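Structure assessment
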Amino acid sequence: DGRRSMLQRALYPGIGDPLTTSGKSWFGFQAHFPDPTGGLRRRIELYVFEGGYAGLGPIEGGRLDLALLARVDALAATAKTPQRLFEQRMLRNPLLAARLQGEQACSPWRSIGPLRFNVRKAASHGAMFLGDAAGTIDPFSGEGISNALRGAELALPFVLEAVASGGLDAAGLI
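Notes on the structure in this doc start here.

Here is what the cut-offs are and how they apply
The numbering scheme is per chain: residues are counted from 1 as the chain's sequence reads. Local features are withheld for residues below a pLDDT of 70 in this predicted model, meaning they are given only at 70 or higher, and side-chain atom pairs are given and counted only at 80 or more; totals for whole chains, interfaces and linings count all residues. Side-chain numbers come from the whole structure's heavy atoms, not from hydrogens or water. We define a nonpolar core as any set of buried Ala, Val, Leu, Ile, Met, Phe, Trp, Tyr and Cys residues linked to one another through side-chain atoms lying within 4.5 Å. Each residue is assigned to one of three classes by its accessible area relative to the maximum for its type, calculated with a 1.4 Å probe on protein chains only: buried under 20%, partly exposed between the two thresholds, exposed over 50%. Numbered from the N terminus, helices here are DSSP runs of H or I no shorter than four residues, and strands are runs of E no shorter than two. We call two residues in contact whenever any of their non-hydrogen atoms come within 4.5 Å of each other. Residues adjacent in sequence count toward polar contacts only when both atoms are side-chain atoms; beyond that, a polar contact is any pair of N or O atoms within 3.5 Å, and within protein one must be able to donate a hydrogen and the other to accept it. Put simply, two rings from Phe, Tyr or Trp (the six-membered ring, in Trp's case) pair if the centres are within 6.5 Å, and we call them stacked under 30 degrees between planes, edge-to-face over 60, tilted for the rest.

**Some points on the nonpolar core**
One broad rule of soluble globular proteins: the nonpolar side chains tend to lie buried together. Ranked by internal contacts, the top residues of the largest apolar core, which has 20 residues, are Leu56, Leu66, Leu68, Met90 and Trp109. Of all the secondary-structure elements, those providing two or more residues to this core are strand E1 (26-34), strand E2 (45-49), strand E3 (52-59), strand E4 (63-71), helix H2 (72-76), helix H3 (82-88) and helix H4 (94-100). The leading source of residues in this core is E4, at 4 residues. Every residue in contact with leucine 56, bar those within four places of it in the chain, is listed here: Leu40, Arg43, Ile44, Glu45, Tyr47, Leu64, Asp65, Leu66, Leu96, Arg99 and Leu100.

**So, the side chain of aspartate 35**
With respect to the element layout, aspartate 35 can be found in the loop between E1 and E2. Side-chain polar atoms of aspartate 35 contact the side chain of threonine 37, separated by 2.4 Å. Only 3.3 Å separates the side chain of aspartate 35 from the backbone nitrogen of glycine 38, close enough to count as a polar contact.

**A few points about unusual backbone geometry**
Look at leucine 40: it is not a glycine, yet its phi comes out positive at around 50 degrees. Looking at the element boundaries, leucine 40 is found in the loop between E1 and E2. Positive phi outside glycine occurs at arginine 42, with the angle close to 60 degrees. By relative accessible area, which is 80% here, arginine 42 ends up exposed.

**Structural notes on the packing of aromatic side chains**
As enumerated under the stated definition, the model contains 4 aromatic pairs in all. The interplanar angle of 35 degrees and the centroid separation of 5.2 Å between the aromatic rings of phenylalanine 33 and phenylalanine 86 together place this pair among those described as tilted. In this pair, phenylalanine 33 sits in strand E1 while phenylalanine 86 sits in helix H3, placing the two residues 53 residues apart along the sequence. The pair phenylalanine 33 / phenylalanine 86 is uniform in exposure class, with both members buried. Grouping aromatic residues by their ring pairs yields a cluster made of Phe33, Phe86 and Trp109.

As structure tokens, then:
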């Protein structure tokens, strides 16, 4: 039942998202740029900057997608806008600056956050949790559903064994 699993919280009350955001919390940002590179030779390039990292890759329509994660303290130090973070920190990287050749974003900056990356208790009180109920990757990269499906594949032998033997015991929770 997902990231805010009511079942898991009922069985294990200490679980859940942090209630506050700190300077070490992460936000995700994305914008599209015209592509002067001709498709980056079908590569995705990663760039590290003070307080975060970004990926640059070709997308449809002759554009580049710039997706980045940045800590709140890095964003706060650059006037709290992704554009200023981009200008003041990311464009210090000479390769990224050369790739974009002074082009301005051709889409608005989009954001999501604060992002939560946490592992939870995978099983409790005879129940096994999968997907976001077992651990969270916020919907920035599309990995949540992949993790849920792969988690179900990995859990299946244990579930079948538990059904055959009458349920999960303490040894089955480790």
